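Below are the chains, spelled out letter by letter.
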Amino acid sequence: MHNDIYTLTSQIIKQKNEGLLYENEEEFQQETRPMATTPLLTMIAAAAENNALGKNNDLIWHISEDLKRFKRLTSGHAIIMGRKTFESMSKALPNRKNIVLTNKKDYQPEGATVVHTLEDALALVKDDSQPFIIGGGEIYRLFMPYCDRIELTRVHHNFEADVFFPEIDLDQWKEITRENINATEEQPYHYSYITFEKK
Ligand SMILES: NC(=O)c1ccc[n+]([C@@H]2O[C@H](COP(=O)([O-])OP(=O)(O)OC[C@H]3O[C@@H](n4cnc5c(N)ncnc54)[C@H](OP(=O)(O)O)[C@@H]3O)[C@@H](O)[C@H]2O)c1
């Protein structure tokens, strides 16, 4: 019974999240981004107080403003993700260079470039001013030492999950900005946009 309720709820969350991720694809197509000499490698994630990221290879909540922000920040840039995160979406994200990390040598998903090592992923984004690491848990852990910035949406609630964001070591990372957003009737969790930079 509990599982049925969970499945139904997670289906609704998935539909809502995907509706936002793929809507108005054309609105970002005209954007151009300046080239940087050194890419600002940025992790972008939404994690709960207990660092929960996802369950059953899907997101746990639907926060439409956060998804719009994710889309605004990442559009026009390269996004690097793990094979499981790629497969949790129905297709490649539009207006972004989708790079998928996998050990599977014959993996050829539509709309994405496949790499098998962290080094090959980084080589592919060297001309992008701000490439993004978009998850999931394994990939955040792997790339954290190489990143310059973390754009974290901290959802102020604890969730049951099977994938977690790595601890942010405050000896290595400094909080630069924080914006607190209150819960609403439609969206029941308080959350904060927090930017960290490597010290
Ligand atoms: N809340 C958020 O912001 C957020 C963001 C993204 C994802 N998520 C959630 O996170 C979950 C998925 O995360 P996950 O940790 O299970 O998986 P993941 O990090 O998305 O992908 C893991 C896969 O990446 C590949 N991989 C990892 N390290 C590699 C390496 N060194 N070399 C080559 N390939 C490597 C492997 O693919 P193969 O098995 O094919 O070899 C591995 O199975 C889902 O629930 C998703 O919804 C949440």
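Analysis parameters
- Throughout, a residue's number is its position along its own chain's written sequence, starting from 1.
- Two thresholds apply to this predicted model, a pLDDT of at least 70 for residue-level local features and 80 or more for giving and counting side-chain atom pairs, whereas whole-chain, interface and lining totals are computed over all residues.
- Every C-beta atom is placed from the backbone, and the number of other C-beta atoms within 10 Å of a residue's own sets its class: buried at 20 or more, exposed at 12 or fewer, partly exposed in between.
- For helices the rule is a DSSP run of H or I covering at least 4 residues; for strands it is a run of E covering at least 2, with both sets numbered from the N terminus onward.
- Two strands form a pair only when DSSP identifies at least two bridges running between them.
- Throughout, a residue-residue contact means that the two C-beta atoms, derived from backbone geometry, are no farther apart than 7 Å.
- Lines fitted to C-alpha atoms define the axes, with helix axes restricted to the stretch in contact, and inter-axis angles between N-to-C directions lie between 0 and 180 degrees.

## Topic: the pairing of strand S9 (residues 173–181)
Then comes step 1: In terms of residue burial, S9 counts as a barely covered element, since only zero of its nine residues are buried.
Then comes step 2: As paired elements, S9 and strand S10 (residues 191–198) share eight bridges and run antiparallel to each other. Within the sheet, the bridge partner assigned to lysine 174 lies in S10 and is glutamate 197.

## Thoughts on the sheet that holds S9
Then comes step 1: Spatially, the eight strands line up as an open sheet ordered S5-S4-S3-S6-S1-S7-S10-S9, and their pairing is mixed. The outermost strands of the open sheet, each flanked by one partner alone, are strand S5 (112–115) and S9.
Then comes step 2: With seven bridges connecting them, strand S7 (residues 149–155) and S10 associate as antiparallel partners. By the bridge assignment for S10, valine 155 is matched with tyrosine 191.
Then comes step 3: On the sheet, helix H2 (residues 64–74) packs against strand S1 (42–48), strand S3 (78–82), strand S6 (132–133), S7 and S10 and is oriented at approximately 175 degrees with respect to S1.

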